[in-house]
Every structure is written in C-alpha cells, then in structure tokens.
Amino acid sequence: MEMTTKTRSKSSQQRVKKIISYVVMSIIGIVLLIPLLWMVFTSLKPMEEIVRYPPTFFPEEINLGNYLETINAFPFWQYAKNTLFITVLVVFGNVLSNSFIAYGFAKLAFPGKNLIFALVLSTMMIPGFVTMIPQYVLFSKIGWVGTYLPLIVPAFFGNAFNIFLMRQFYLSVNNELIEAAKIDGANHLYIWSHLMIPLTKPALITIAINSFNVAWNDFLGPLLYIQNQEKYTLQIGLQVFQNQSTTQWNYLMAGATLVLLPTILLFFLAQRYFIEGMDLTGGSKG
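Every value quoted in this text rests on a predicted model; they were computed, and no experiment measured them.

A look at the packing of aromatic side chains
Aromatic ring pairs: the centre-centre distance and the angle between the two ring planes describe each pair.
1) Next: Overall, the coordinates contain 20 aromatic pairs when judged by the stated rule.
2) Next: Taking the centre distance of 6.0 Å and the plane angle of 75° together, the rings of phenylalanine 74 and phenylalanine 76 count as edge-to-face.
3) Next: When the centroid spacing of 5.7 Å and the interplanar angle of 75° are considered together, the rings of phenylalanine 139 and tyrosine 225 count as edge-to-face. Within this pair, whereas phenylalanine 139 is found in helix 6 (residues 128-141), its partner tyrosine 225 is found in helix 12 (residues 220-225), the two being separated by 86 residues in sequence.
4) Next: Exposure remark for tyrosine 225: the relative accessible area of 5% places this residue in the buried category.
5) Next: Ring-pair connections join several aromatic residues into one group, and the members of that group are Phe74, Phe76, Trp77, Tyr79, Tyr232 and Phe241.

Some details on helix 3 (residues 65-73)
1) Next: Every buried residue of helix 3 is accounted for by Asn66, Tyr67, Thr70 and Ile71. Viewed along the axis of helix 3, the buried residues span an arc of 135°, placing them on a single side of the element. Turned more than 90 degrees off the buried face of helix 3, the exposed positions are Leu68 and Asn72.

Some thoughts on a nonpolar patch on the surface
1) Next: A contiguous nonpolar patch, built from Ile19, Val23, Ile27, Ile30, Val31 and Ile34 and spanning about 540 Å² of accessible area, is present on the exposed surface.
2) Next: Summarising the element assignment, isoleucine 30 is placed in helix 1 (residues 2-43).

Describing the nonpolar core
1) Next: By size, the foremost hydrophobic cluster in this structure holds 29 residues, and its most contacted members are Phe74, Ile86, Tyr148, Leu151 and Leu234.
2) Next: Listed by contribution, the elements that provide at least two residues to this core are helix 4 (76-107), helix 7 (149-152), helix 11 (201-216), helix 13 (234-244) and helix 14 (249-277).
3) Next: Among the nonpolar cores identified, the runner-up in size contains 20 residues, and Val173, Ala181, Ile191 and Ala203 belong to it.

Describing the pattern of salt bridges
1) Next: For the structure on display, the rule yields 1 salt bridge.
2) Next: Close ionic contact of arginine 52 with glutamate 60 constitutes a salt bridge, the shortest N to O distance being 3.0 Å.
3) Next: A relative accessible area of 37% places arginine 52 in the partly exposed class.

Focus: the packing of helix 4 against helix 8 (residues 160-171)
Two quantities define a packed helix pair, namely the angle between the helix axes and the distance between the axes.
1) Next: At their nearest, the axes of helix 4 and helix 8 sit 8 Å apart, and the two run at 50° to each other. Taken together, the axis directions place helix 4 and helix 8 in an arrangement best described as oblique. The interaxial crossing formed by helix 4 with helix 8 has right-handed handedness. Only Asn162, Ile163, Met166, Arg167, Tyr170 and Leu171 of helix 8 make contact with helix 4, whose side of the interface consists of Asn94, Asn98, Ser99, Ile101, Ala102, Tyr103, Phe105, Ala106 and Lys107.
2) Next: Looking at the contact of helix 4 with helix 8, its residues break down into 9 nonpolar, 4 polar and 2 charged.

Considering unusual backbone geometry
1) Next: Omega for the peptide link from tyrosine 53 to proline 54 comes to 0°, which places this bond in the cis form.
2) Next: Take proline 54: it is sitting in the loop between helix 2 (47-50) and helix 3.

So, the side chain of threonine 83
1) Next: Take threonine 83: it is sitting in helix 4.
2) Next: Assessed through its relative accessible area of 2%, threonine 83 is described here as buried.
3) Next: Within the structure, the side chain of threonine 83 is placed 2.7 Å from the backbone oxygen of tyrosine 79, a separation counted as a polar contact.
4) Next: Ignoring sequence-local partners within four residues, the contact set of threonine 83 consists of Trp216, Thr233 and Leu234.

Rules behind the numbers
- For every chain, the first residue of its written sequence is number 1, and the numbers climb from 1 along that sequence.
- Reporting of local features is limited, given that this is a predicted model, to residues whose pLDDT is at least 70; pairs of side-chain atoms are given and counted only at 80 or more, and all residues count toward the totals for whole chains, interfaces and linings.
- Side-chain metrics rest on all non-hydrogen atoms present in the structure, leaving aside hydrogens and water.
- Aromatic rings from Phe, Tyr and Trp, taking only the six-membered ring of Trp, are treated as a pair when their centres fall within 6.5 Å; an angle between ring planes under 30 degrees marks them as stacked, one over 60 as edge-to-face, and anything in between as tilted.
- Secondary structure elements follow DSSP: runs of H or I no shorter than four residues count as helices, runs of E no shorter than two count as strands, and numbering proceeds from the N terminus.
- Relative accessibility thresholds used throughout: buried, under 20% of the residue-type maximum; exposed, over 50%; partly exposed, between the two (1.4 Å probe, protein chains only).
- In this description, one arc is meant: the one made by directions from the helix axis to the C-beta atoms.
- Within the patch definition used here, like charges are joined within 9 Å and nonpolar side chains (Val, Leu, Ile, Met, Phe, Trp, Tyr) within 5 Å, considering only residues with over 30% relative accessible area and no salt bridge.
- Per-residue and other accessible areas were derived by the Shrake-Rupley procedure at a 1.4 Å probe size, with only the shown protein chains allowed to occlude residues.
- Counted as salt bridges are all cases of a side-chain nitrogen of Lys or Arg within 4 Å of a carboxyl oxygen of Asp or Glu.
- Among the buried residues, those of types Ala, Val, Leu, Ile, Met, Phe, Trp, Tyr and Cys that are joined through side-chain atoms within 4.5 Å form a nonpolar core.
- To obtain each axis, a line is fitted to C-alpha atoms, and for helices this fit is confined to the stretch in contact; angles are then taken between N-to-C directions over 0 to 180 degrees.
- Any angle that is under 35 degrees is reported as roughly parallel, and any over 145 degrees as roughly antiparallel; angles of 65 to 115 degrees are reported as roughly perpendicular and all others as oblique.
- Whether a crossing is left-handed or right-handed is set by the direction in which the near helix is turned from the far one by less than a right angle, anticlockwise for left-handed and clockwise for right-handed.
- Any two residues whose heavy atoms approach within 4.5 Å at even a single point are treated as in contact.
- Three categories are distinguished: nonpolar for Ala, Val, Leu, Ile, Met, Phe, Trp, Tyr, Cys and Pro, charged for Asp, Glu, Lys and Arg, and polar for the others, with Gly belonging to the last.
- For this analysis, a polar contact is any N or O atom pair within 3.5 Å, provided that within protein one partner can donate a hydrogen and the other can accept it, and provided that sequence-adjacent residues contribute only side-chain to side-chain pairs.

Structure below.
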C-alpha cells in the first residue's frame, strides 16, 4: 500500500513538472513569435494605421492589397527566380558534397584521416568575416565577380558542420552491411549512393533545410558579388525597394513576409526529418 502511494506521488510530481515545462516553453515560444506576428500584422495595415500613436498590434482594417502593390513595385518575380536558382544549386551542392566527404571520413581508412578531420572541424572556429576579403580577391582574380559562381561553387566543397553531422550518421550504420555489399561486388561509390544515402535521409533533409535557409536569406553574398540589377536576389531587391523613396512600411513588411513564407512552409513540411536529423547519434541503423 505504501509503495503504491509513493508511486502515485512520484507520478504526480512528474506530471506537474511536465505541465510546468510545457507552460514555460509555450510562453517562450509566444514571446519569440511576437516579432514575426508584428511583421505579418503590419503587412496587413494601411500606412495611416501604422504611423498612428499609440500603435496597435492587431490590424483594424485588413488590406491584402499591400501584397499586390509590393509585387508590382519592383521586379519581385524576377528576383524570386534568381534567388530560387541560386538556392536550388546550393542545396544540391551541399547535400552532394557533404554526404560524399563524410562517407570517406566515416567508412574509409587512409593515412592521416583523424588529423584531416580535426583540421576540417577547426575551420568552424574561423569567423566568416576573416575569409571574406581573401575570397573576394580570389573570385575577382578569376573573373567570377558579377556572376552567381561565388555564391554557388563553394557549396560543392563541403561544410565542416554538415560533414560532422553526416559522419555521425554514417558511423551508426553497421559495417557488416558494407562488407556484405563488397562481397556482392559493390564499390564504394555504389555503396554510398545506393546504401548509405537512403539510410541517412533525415540528416540529408536537415542539411537541405539549413542550406535552403542560408542561401534563400543570404544578403551579404549577393551584395558583394552581384552587380547587375537584373541578377539581384529578393534580399537585395527588398533593400533597393526600401531605399527608393520614403519607406512604406506596410509594403516592406508585405515583401518580407512573402520572402519568409517559403522558409516557414519548408520547415513545417519537413520538421519531423529535421528533428531526427539533429540527433547527432544517428540513431540505431543496421
């Protein structure tokens, strides 16, 4: 009887802790959503309501025409096409290169492997601003400035964190599967493409989502390398639109909402794989 009472008491305490944690996380989530909601609600307001004091959080008058006016105010669809072109190639390059490089570090034996892997990881400690000028000088010397190549080509040479993430997943795959494939006559290229990639789909989707977010929202890269206005991305286009005249905050917030929308939709569609992919243990495979 006493054991039953203690068990019930412990169960009640765990339930209370769980409820408290959910409440705290919900409050934090709501606080973090406030800037996003403010942007969306501002995009639906007429300019007269935005400049009113005291300000209002919810729109008194919903004006969906702000989105149409924003799209027509600058070459939105042209910039969207440019951004999508860069983003798709960057995502493809990151998924391909990082999964391929990580397979070598995880499943191949070669001299100095651990040292090289440590050097790769050490590059994460180098701030991007340190390499910005040398990279610009290099791309300028080879004539790539003014093109999309400086934004796309580096994605095909790997990223330290993504390599580490994929390597952790590959290490969780039982080596017996690879040995069995070798006995059947498969080489490492076939094993990587037909065996390892299907088993590490959550990690690949995680890399794809992260790469999409970075490339789609990149402002500094296009600002440095793109000089032709017809090649502008959405981020640069919004900045130019803001500088054209007195800032129309309802149009600017509508544009920012439209630019952010693909990122939000992608995350909600693939969030299950994203959460699985961030498990650095890789789970149990094989």
